[in-house]
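Next come the chains, spelled out residue by residue.
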Amino acid sequence: MVQGKAHKYPDNVDTDVIIPARYLNTASHKELAAHCMEDIDKDFVKNVRPGDIIAAGWNFGCGSSREHAPIAIKESGVACVIAKSFARIFYRNAINIGLPIFECEAAGSAIENGDEVAVDYNTGVITNLTKHETYQAQPLPEFIQHIVDKGGLLKSLQ
Amino acid sequence: MGMTMTQKILAAHAGLDRVEAGQLIMAKLDMVLGNDITSPVAINEFEKAGFDSVFDKTKISLVMDHFVPNKDIKAAQQAKQSRMFADKYDILNFYDVGEMGVEHALLPEKGLVAAGDCVIGADSHTCTYGALGAFSTGVGSTDMAAGMATGQCWFKVPAAIRFELSGALSGHASGKDVILHIIGKIGVDGALYKSMEFGGPGLASLSMDDRLCMANMAIEAGAKNGIFEVDEITRAYMDGRTQHAYTVYAPDADAEYERVIEIDLSAVRPTVAFPHLPENARTIDEAAAADIAIDQVVIGSCTNGRLSDMAAAAAVLRGKKVAKRVRAIVIPATQQVYRDCIRLGYTDIFLDAGCVVSTPTCGPCLGGYMGVLAEGERCVSTTNRNFVGRMGHPTSEVYLASPAVAAASAVAGKIADPGKIAE
C-alpha cells in the first residue's frame, strides 16, 4: 500500500516530455530524475515528494523506447503511475525496471491534480481520499506479475 | 481461425504450431539491436545482473548513431562504453563513425535483417524491418540486456489491423504521406499493442524505401509492429543483400483481424502532421493554405534518409535556392546513401541550393544536436515525431512531412506543395 499526492497529466504524455532527449547523454539515474517531466511540468521536480503518484489519461509514455523515462520517474520518488492506458514499450520498461503501473480508466478520469491517493498493490484497489472514491485497476497477467514480484526482468531470469 | 503474418513468425520462433492473440510466449531472437543512447543502460543492467557472455556475437548489432560523431563529453563517454563492450564480447556488427548509419536505414541495407526474422531493438523505430516481412519491435534497454544474454524475449501475441492497399501513388505522394494519412485516420493509439499488417494490390506501387518509411512509423500509431507482405520488390531488395537465409510468411486466408481498413493509394495527397502529435494530419492543400512560415528544414532520419528520399528532395531543389532565413539540413542516413548522393549529383544540387549536407546522425530528430530549434521556431522535418520540445525548445514546432514537401517548403520559406513550386 502506498499513499501520496497525485500529479495529474493529460492523454498521450510522450517520453520526450518525461525526459527530453537533450538529457540522454547520461545513464545516471539521479541526473535523469533532475529533469523528469521538465517539458510538460517544469515545477514537477520541485513539487514531487517520495511516495507521490502520477495519474494520466490514455497512451501514457508514447514515443521513444528510452528506458530513461520510467527510470527518471522512479528515481524522482514517484511510487507508481496510474493511467487509462500505457504505450506498450513504456509498459514493458516499467515492469522490467520495477516501477509499479496500474491501468484504470476510472482512476485516470477522476483523479485530479493534488488529490490524495492510496494504492493497494496486492488488490489493485485505488482509493481517492480527497474525493472519497475507489477504483479497481486491471490485474497484471500472472506471467508479468511474476516479473514484478521478482523485482524486474533480469532478477526474474536468475 | 488462421494466423496473421506476425502470429506465424512468433509461433515459429516460440516453437509452437500456432499462437493466438493475447497469448504470452517466449520467442527466439534473430537480432538484438542497440544504439549509443540505449546500449549503455543495457550494458549497465547486463553487468549488474552478472552475465558474462552473449548468446550469439553475430546476432547483436550496436550502432553508434544518435549523438555520434560525439556531440559532447557525456555522449563521448556513452559511445566509449558501447565500444568497450563490443570489443570485450567481440560483437561483429558494431558500427561506429566511418561505417555507421542511422540504425534502421543501416541494418536493412547491410542485409542484417530479413523476412521471417524475429528482431528486437532498444529503439522504438525498430518496427522498420517489418517492411521486409520480419517481426520486429522496439523494446527498452533491460529487454535488450536480457536479449543479448539469453537470445530470447517474451511477447504478448498481438491482434492485428489489416491495411488493404489498392491503387497506386501519384504525383508527389510517397510512403510518408500514406503513413501520415493512416495515423491521422486512426490516431496515435489507434493500433496500441497491435500489429499493422499491410497488403493488397497497392503494394506494387510502393518501393522498399516507401515501405521502410511506413513500417518505421507504425509505432506512432502505438503499434507493436508494422509488417508488409513479401512480394517481388521485397525479394529483389533482399536477394544478394541478406547475410542469412530467409523465410517468407504469408497471412492465412482466414487470419483474424480486429479491423480491415482500405486505403486507396491513388487518393493519398502529400500530407503534413501539425504540432504536437503525428495524428494531426492535414493534406498539403490545407497545410499550404495555413501560410506557415518556417525557420528550418530537416531532410533525413530513419524515416526518410534513404536514397529515394534524397532523390525526391533533389528533384525539387534542382536549380532552386533555399529561402533566405531558412536553414536546410540534409542528412543521408548511411555512408552508402551519402556516397550515392555524391555519385548521382544530389550533393551538388543540395549545396547549390544552399543546404548543408551532414554525415549520418539521428542528431536533430530528437533535439540532440545538428539543428536544435530555438524558442518559437518552426521546422518542417522528414522525421517521425513532432512532440512538444522534440527538436529543441518546448515552444518550438515540428511539422512532419515527406522529403518533397520539406524541400518545397525550404524553397518557399513556408509550408509548400512540391507540385506548385515553379519550374
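Above this text you will find the structure in question.
As the structure is a prediction and not an experimental result, all values here were calculated from the model.

Draft legend 1. Spotlight on the pattern of salt bridges. Applying the stated criterion across every chain yields a total of 28 salt bridges over all chains. One salt bridge connects R92 of chain A with D143 of chain B, and the closest N-O pair in it is separated by 2.7 Å. Taken as a pair, R92 of chain A in helix α5 (residues 88–97) and D143 of chain B in helix α5 (residues 141–150) lie in two separate chains rather than in one. Relative accessible area serves as the criterion here: at 3%, R92 of chain A is assigned to the buried category. Look at D143 of chain B and you get buried, because its relative accessible area is 1%. Taking the shortest distance from any N to any O, the salt bridge between K131 of chain A and E112 of chain A comes out at 2.4 Å. Here the residue K131 of chain A occupies a position in the loop between β6 (125–128) and β7 (133–136), and E112 of chain A occupies one in the loop between α6 (105–110) and β5 (116–120), the gap between them amounting to 19 residues. According to the relative accessible area criterion, E112 of chain A is partly exposed, its value standing at 46%.

Draft legend 2. Structural context of the sheet that holds strand β1 (residues 2–8) of chain A. All names here are of chain A. Taking strand neighbours across the sheet as the criterion, the seven strands line up as β4-β3-β2-β1-β5-β6-β7 in an open arrangement whose pairing is mixed. Edge positions in the open sheet fall to β4 (101–103) and β7, since each of these has one partner strand only. Across the sheet, the mean angle from the axis of one strand to that of its neighbour is 30 degrees, orientation sign disregarded. One ladder, built from four bridges, connects β5 with β6; its direction is antiparallel. Bridge pairing in β6 places V117 opposite N128.

Draft legend 3. Representation of the packing of aromatic side chains within the structure. In the structure shown here, the tally under the stated rule is 14 aromatic pairs over all chains. Ring centres of Y91 of chain A and Y193 of chain B lie 6.3 Å apart, and the angle between their planes is 80 degrees; on these two criteria the pair is classed as edge-to-face. Here the residue Y91 of chain A occupies a position in helix α5, and Y193 of chain B occupies one in the loop between α6 (175–186) and β9 (195–199), the pair thus bridging two chains. Residue Y91 of chain A is classed as buried on the basis of its relative accessible area, which comes to 15%. On the numbers, 5.5 Å between centres and 70 degrees between planes, the contact of F143 of chain A with W154 of chain B is edge-to-face.

Draft legend 4. A look at unusual backbone geometry. Residue and element names in this part refer to chain B. A cis geometry characterises the amide bond from V68 onward to P69, with omega recorded as -5 degrees. Locating P69 in the fold gives a position in the loop between β3 (60–63) and α3 (73–88). With omega at -5 degrees, the peptide bond leading from P275 into H276 counts as cis. In this fold, H276 is placed in the loop between β12 (271–273) and β13 (281–283).

Draft legend 5. Inspection of the interface of chain B and chain A at higher detail. Taken together, the 50 residues of chain B in the interface contact 41 residues of chain A. Each partner contributes to the roughly 3600 Å² buried at the junction of chain B and chain A, and carbon and sulfur atoms together form 60% of this total. Three residues, T142, W154 and Y193 of chain B, lead the burial of chain B against chain A; their summed loss comes to 19% of the area buried on that side. At the junction of chain B with chain A, the criterion picks out three salt bridges. Residue D16 of chain A is joined to R390 of chain B by a salt bridge in which the shortest nitrogen-to-oxygen separation is 2.8 Å. Counting the contacts that link chain B with chain A gives 20 residue pairs in polar contact (both at pLDDT 80 or more). If you list the elements that add at least two residues to the side of chain B that touches chain A, you get β1 (24–28), α2 (38–48), α3, β6 (135–138), α5 and β7 (152–156) of chain B. Within the side of chain B that touches chain A, the residues separate by chemical class into 26 nonpolar, 14 polar and ten charged.

Draft legend 6. Local environment of the environment of F46 of chain B. Tracing the chain through its elements places F46 of chain B in helix α2. Looking at F46 of chain B, the relative accessible area reads 0%, which means it is buried. Considered as a pair, F46 of chain B and D143 of chain B are 97 residues apart in the sequence and their alpha carbons are 10.0 Å apart. Residue contacts for F46 of chain B: discarding those within four places in its chain leaves L154 of chain A together with F51, S53, V54, F85, Y89, A145, M148 and A149 of chain B.

Draft legend 7. Inspection of the nonpolar core at higher detail. Counting 152 residues, the largest nonpolar core has F60, I73 and F90 of chain A together with F155, F163 and M196 of chain B as its most contacted members. If we skip the residues at most four places from it in the chain, F155 of chain B touches R92 of chain A together with L10, Q23, L24, I25, A27, L29, C118, I120, F135, T137 and K224 of chain B. Counting 39 residues, the second-largest nonpolar core is a separate cluster that includes V272, A323, A401 and A416 of chain B.

Quick notes on the rules
- Each chain carries its own residue numbering, running from 1 in the written order of its sequence.
- Just so you know, chain letters begin at A and ligand numbers begin at 1, following the order they were written in.
- In view of the model being predicted, local features appear only for residues whose pLDDT reaches at least 70, and side-chain atom pairs are presented and counted only at 80 or more, with totals across whole chains, interfaces and linings using the full set of residues.
- Hydrogens and waters are ignored; side-chain quantities use all the structure's heavy atoms.
- By convention in these notes, a salt bridge is any Lys or Arg side-chain nitrogen within 4 Å of a carboxyl oxygen on Asp or Glu.
- Secondary structure follows DSSP: runs of H or I at least 4 residues long count as helices, runs of E at least 2 residues long count as strands, and numbering of each begins at the N terminus.
- Accessibility here uses a 1.4 Å probe with only protein chains present; expressed as a share of the type maximum, an area under 20% marks a residue as buried, one over 50% as exposed, and anything in between as partly exposed.
- Two strands pair if DSSP finds at least two bridges between them.
- Axis definition: a line fitted to C-alpha atoms, limited for helices to the stretch in contact. Angles are taken between N-to-C directions and run from 0 to 180 degrees.
- Between the rings of Phe, Tyr and Trp (Trp by its six-membered ring), a pair exists once the centres lie within 6.5 Å; its type follows the angle of the planes, with under 30 degrees stacked, over 60 edge-to-face, and the other angles tilted.
- Contacts were defined at the residue level, with two residues in contact if any of their heavy atoms lie within 4.5 Å.
- Accessible surface is computed with a 1.4 Å probe, and the buried area is the amount of it that two parts give up when combined, taken over both parts together.
- Here a polar contact is taken to be a pair of N or O atoms separated by no more than 3.5 Å, where protein atoms must pair a possible hydrogen donor with a possible acceptor and residues adjacent in sequence count only if both atoms sit in side chains.
- Residue classes follow a fixed rule: Ala, Val, Leu, Ile, Met, Phe, Trp, Tyr, Cys and Pro count as nonpolar, while Asp, Glu, Lys and Arg count as charged, and any other residue, Gly among them, counts as polar.
- Residues enter a nonpolar core if they are buried and are Ala, Val, Leu, Ile, Met, Phe, Trp, Tyr or Cys, with the set joined through side-chain atoms within 4.5 Å.

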